[in-house]
Amino acid sequence: MREFAGAILLFFIVSLAIHAQEIQVLEYTSNEPIPGVAIFNSDKSKSTITDLDGKADISRFEDSERITFKHMAHTEVIFTKAEIRSNNNRVYLEGDENQLEQIVLSAGRFEVSRDETTQKIVSLTPADIQLLSPQTSADLLQSSGQVFVQKSQMGGGSPMIRGFSANRLLITVDGVRMNTAIFRSGNLQNVISVDPLAVENTEVLIGPGSVVYGSDAVGGVMNFYTLNPKFSAGKTGFSGNAYTRYASANNEKTIHADFNIGRENWAFLTGITYSDFEDLRMGSNGPEEYLRPDYVIRKDGRDIAVANSDDRVQKFTGYEQINLLQKIKYMPGNDWDFNLGLIYSTTSDFPRYDRLIQKRNGEFRSAEWYYGPQTWFMGNFKINKKGNGALYDKAQLTAAYQFFEESRNNRDFNEDLLFRSKENVDAYSFNLDFEKDLEESRLFYGTEYVFNLVNSSADQINIISEINRENASRYPDGSTWQSLAAYLSYQWKINSDLTFQSGARYNHILVDAEFDDRFFDFPFSQASINTGALTGSAGINWKQNRFFRWKVNLSTAFRSPNIDDIGKIFDSEPGAVVVPNPDLKPEYAYNGEIGLDWTPSENIQFSFATFYTRLEDALVRRDFQLDGETEIEYQGEPSRVQAIQNASEAHVYGFEAGVAYNISVALRLSSQINITEGEEEQKDGTKIALRHAAPVFGNTHLTWHKNRLKIDVYAEYNGQFDYEDLAPSEKGKAYLYAIDENGNPYSPSWYTMNLSGQYEMSERWLATVSLENITDERYRTYSSGIAAPGRNFIIALKYSF
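What counts and how
- Residues numbered from 1 in each chain as written.
- Predicted model: local features only at pLDDT ≥ 70, side-chain atom pairs only at ≥ 80, totals over all residues.
- Heavy atoms only, no water.
- Helix = DSSP H or I, 4+ residues; strand = E, 2+ residues; numbered from the N terminus.
- Buried < 20%, exposed > 50% of the residue type's maximum accessible area, 1.4 Å probe, protein only.
- Areas by Shrake-Rupley, 256 points an atom, 1.4 Å probe, with all protein chains shown as cover.
- Salt bridge = Lys/Arg side-chain N within 4 Å of Asp/Glu carboxyl O.
- Pairing = 2+ DSSP bridges.
- Phe/Tyr/Trp six-rings, centres within 6.5 Å; stacked < 30°, edge-to-face > 60°.
- Lys NZ or Arg CZ within 6 Å of the ring centre and 35° of its normal.
- Core = buried A, V, L, I, M, F, W, Y, C linked by side-chain atoms within 4.5 Å.
- Contact = heavy atoms within 4.5 Å.
- Patch = residues over 30% accessible without salt bridge, like charges linked within 9 Å, V, L, I, M, F, W, Y side chains within 5 Å.
- Polar contact = N/O pair within 3.5 Å; in protein donor to acceptor, adjacent residues only side chain to side chain.

(A) Expanded view of the overall build of the protein. A tally of regular secondary structure across the protein gives 9 helices and 54 strands. Taking the principal axes of its C-alpha atoms as reference, the protein extends roughly 105 × 60 × 60 Å. Looking at the protein as a whole, 55% of its 801 residues qualify as buried. Split by element, the accessible area of the protein, about 34,400 Å² in all, is 54% carbon and sulfur.

Printed below as a string of structure tokens:
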């Protein structure tokens, strides 16, 4: 009996010893298991690899051997068995940002190496967000130094890329297109609905992207990928982050929290962000035209202008915003994973500041002009399947529903009628994408279906009598926009240094709208578009030698008319009204670009790119006749008739340059500059400046990072647009600009000096302190209605668990 007990004890001890040889490799920040980690000794005579749970058996290795752990997206580490045992048989790897940046999704909906892409892609990581503390996703894009952002009010931000903006740029969130049938050609604010604190990675495809993404991807594609749930091996894991931030320029108060529950096959992530922005204070050194000396209040039943006690405070710019995120992920095995994402964003009312500062004959034009809550919901269900069949190696199905709501409210100075309009869009989309690995090549192909239903209503209410009556809606109520598409993209790795990529896409567009003739006598009752568009691309990525890498790409893109183009009624500017035009066709872009990365030594790299784009049959706003009339009455005012028309051809060209110089292990210099020129050629042959071609802009960063401390000293800068450089539509908006010596509007150049510091107080606590616009410059970015923040002190604190 005693011998039997001894045998059991020996078996138990041996079992423990064998079990102790099993280790687990985890991601340092997220504690998530890392599959596919290569584990080997110094001469590689012994090796193994971690499984899906990040586990591996290292019993083959001797106690004295140094064991290497290597993974493509993480920093390589070396440990002995004793060191691993002392850490409870766990090995932690830190993410290698340089390696992570080499993998991109934007080029083809599946992961590809940046060194194989033929177009320029800009990546922004959570580390960028934490250091630069952007208040909105528009600010995040602007911080890249390669996306220009216009703002009509603080609750906004309209990106410009290579001379294109608004509905000629595409926004996607988790692979789902955010653009709807009412995205307009004027400045858009929808990007602020994306919470930067809930974004895991941002990729901006610079240049056309219609082959993969379809309509609207003319100037570029902005892809936001939100936080992903993390699994936990063995037992239920809990992790998360709490974050708070304060900014002095607008007394911003932001709080954020995200919480992850992970099990072996299930993971849940919840996030919430709340922001409160008060009125924005501008700088003290700059054009006086930007000041806010007075504003309108309602007193004793009438509107009066009162003096502003501090004319640097831009009265009526504040607003609030809340963002919610819920993700659920289920992975029953190596070949399948299921993902559900729910995103909700809404704002308070937010004033349109550029309309509130307009004056007519020395008197304010508007007493009220504000957007109602901008609301966005997205439900996104995604299935990923790995295969090994004849047709695909990876498949991805994405089904999504989105709901958008926006509204406009305006009342003229000392008028009793408040005009209100509200728009809702129900957007459904379905994508089925495949990847197939062939010998030395990869094939990407898929289909897409998009359906938008637009509901629009309007009324006017007398604020004294409270009498309400129906008014002409902004869009035809019940109108629809549909897109059916199929695409094919082929990537051929000719050799280790040369990759060829090409693709084609066919899109079919269906638009239907019926017009209400109760308010206007339209010469038509409905509009229908049934048209197709074929686009393609071809390019190479060639590593000539260790010094030079070339990217050459030719591509076409298109934008189909949407409901905003064919059916909108709105006041585009004082004294002008835009009316429907059913006779529209798609506009096409033809683009060529060349990029060069020059690496003269291991610690310095120069990047250059030049491009040219021609836009044919451009959809632009021009004077129009409605049933023979060039002027009609709109909201009680005689207004010149305009409409969107295929009335011009545009040419855009430019040059981009950047440098990244690792001065030492701790010190890094980076800089970026962008030069864009553009012109529209009208049907009569005359040429005018292109409205969305931004002035010269860029930034320069000097970053020092050692141990737990990171310091970033940086400058942002913007060139000047003289009166002669402005588009005609901008010349008529003198209230947005400074005034030159001849009394004409112009956009002055500006720069800011900024300082940001970050300190890791412990493994869990991270503090960030920044001082932006140190010299307190007063400036507006080109075409913006609101002045940028003056000197701005920011403090943020993050706790991770």
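(B) Main features of the pattern of salt bridges. The final tally for this structure, using the stated rule, is 44 salt bridges. With a closest N to O distance of 2.8 Å, D139 and K151 form a salt bridge. Separated by 12 residues along the polypeptide, D139 in helix α5 (residues 137-143) and K151 in the loop between β11 (148-150) and β12 (158-161) bring together distant segments of the chain. You'll find D139 and K151 in the same group, each marked buried. A salt bridge links R298 to D303; its shortest N-O distance comes to 3.2 Å. Under the relative-accessibility criterion, D303 is labelled buried at 2%. Salt bridges linked by common partners bring R109, D433, E448 and R505 together as one network.

(C) Summary view of the sheet that holds strand β10 (residues 120-124). The strand order across the open sheet built from 5 strands is β10-β16-β17-β14-β15, with neighbouring strands paired in mixed fashion. Looking along the sheet, the strands with just one partner apiece sit at the ends: β10 and β15 (176-177). Summarising the sheet, strand β14 (residues 169-173) and β15 pair through 2 bridges and their orientation is antiparallel. The residue of β15 that forms the bridge with V173 is V176.

(D) Broad picture of the pairing of strand β38 (residues 526-543). As paired elements, strand β37 (residues 498-514) and β38 share 17 bridges and run antiparallel to each other. Across the sheet, residue Q501 finds its bridge partner in β38, namely G539. Note that β38 and strand β39 (residues 548-559) share 7 bridges and pair antiparallel. From the neighbouring strand, W542 faces β39, where its bridge partner is W550. Between β38 and the antiparallel strand that follows it, β39, lie 4 residues.

(E) Geometry of the packing of aromatic side chains. Taken as a whole, this structure holds 28 aromatic pairs when the rule is applied. On the numbers, 5.3 Å between centres and 35 degrees between planes, the contact of F350 with Y371 is tilted. With F350 in strand β27 (residues 350-351) and Y371 in strand β30 (residues 366-371), the pair connects residues that are 21 residues apart, well separated along the chain. Each member of the pair, F350 together with Y371, is buried. One aromatic cluster is present, built from ring pairs that chain together F238, F259, W765, Y799 and F801. Over the ring of F316 we find K315; its NZ or CZ atom is 5.8 Å from the centre of that ring. Note that R352 overlies the ring of W369, its terminal NZ or CZ placed 5.5 Å from the centroid.

(F) Region of interest: the nonpolar core. By size, the foremost hydrophobic cluster in this structure holds 93 residues, and its most contacted members are V204, M222 and F224. When residues in this core are grouped by element, the largest group, 6 residues, is from strand β45 (residues 637-662). Leaving out residues up to four positions away in the same chain, F224 has contacts with S137, L140, L141, I171, T172, V173, D174, V191, V194, V199, N201 and T202.

(G) Structural view of the pairing of β30. Inspection of the sheet shows β27 paired to β30 by 2 bridges, in the antiparallel sense. When the bridges of β30 are listed, P351 appears paired with Y370. Where β30 lies against strand β32 (residues 394-412), 5 bridges are found, and the strand directions are antiparallel. Residue S366 lies in a different strand from β32, and its bridge partner there is D412.

(H) Structural detail: a nonpolar patch on the surface. Together, I663, L702, V713, Y751, M753, L755 and I774 make up a nonpolar patch on the protein surface, roughly 540 Å² of accessible area in all. The biggest single contributor to the nonpolar patch is strand β52 (residues 750-760), with 3 residues. Examined against the element boundaries, I663 turns out to sit in the loop between β45 and β46 (667-682). Taking the relative accessible area as the measure of exposure, I663 reaches 38% and is therefore partly exposed.

(I) Representation of the sheet that holds β12. One open sheet holds the 3 strands; their spatial order is β11-β12-β13, and the pairing between them is antiparallel. Among the strands making up the open sheet, the edge pair consists of β11 and β13 (164-165). By the bridge criterion, 2 bridges tie β12 to β13 in an arrangement that is antiparallel. Directly across from M160, in β13, lies its bridge partner S165.

(J) Region of interest: unusual backbone geometry. For K44, which is not a glycine, the phi torsion comes out positive at approximately 60 degrees. Here K44 lies in the loop between β2 (38-40) and β3 (47-49).

(K) View of the side chain of S123. Tracing the backbone shows S123 in strand β10. We classify S123 as buried; its relative accessible area is 17%. Engagement of the side chain of S123 in a polar contact is seen with the side chain of R114, the distance being 2.6 Å. In this structure, S123 is in contact with V104, R114, D128, T202 and E203, ignoring residues within four places of it in sequence.

These results come straight from atomic positions and should not be treated as a statement about function.
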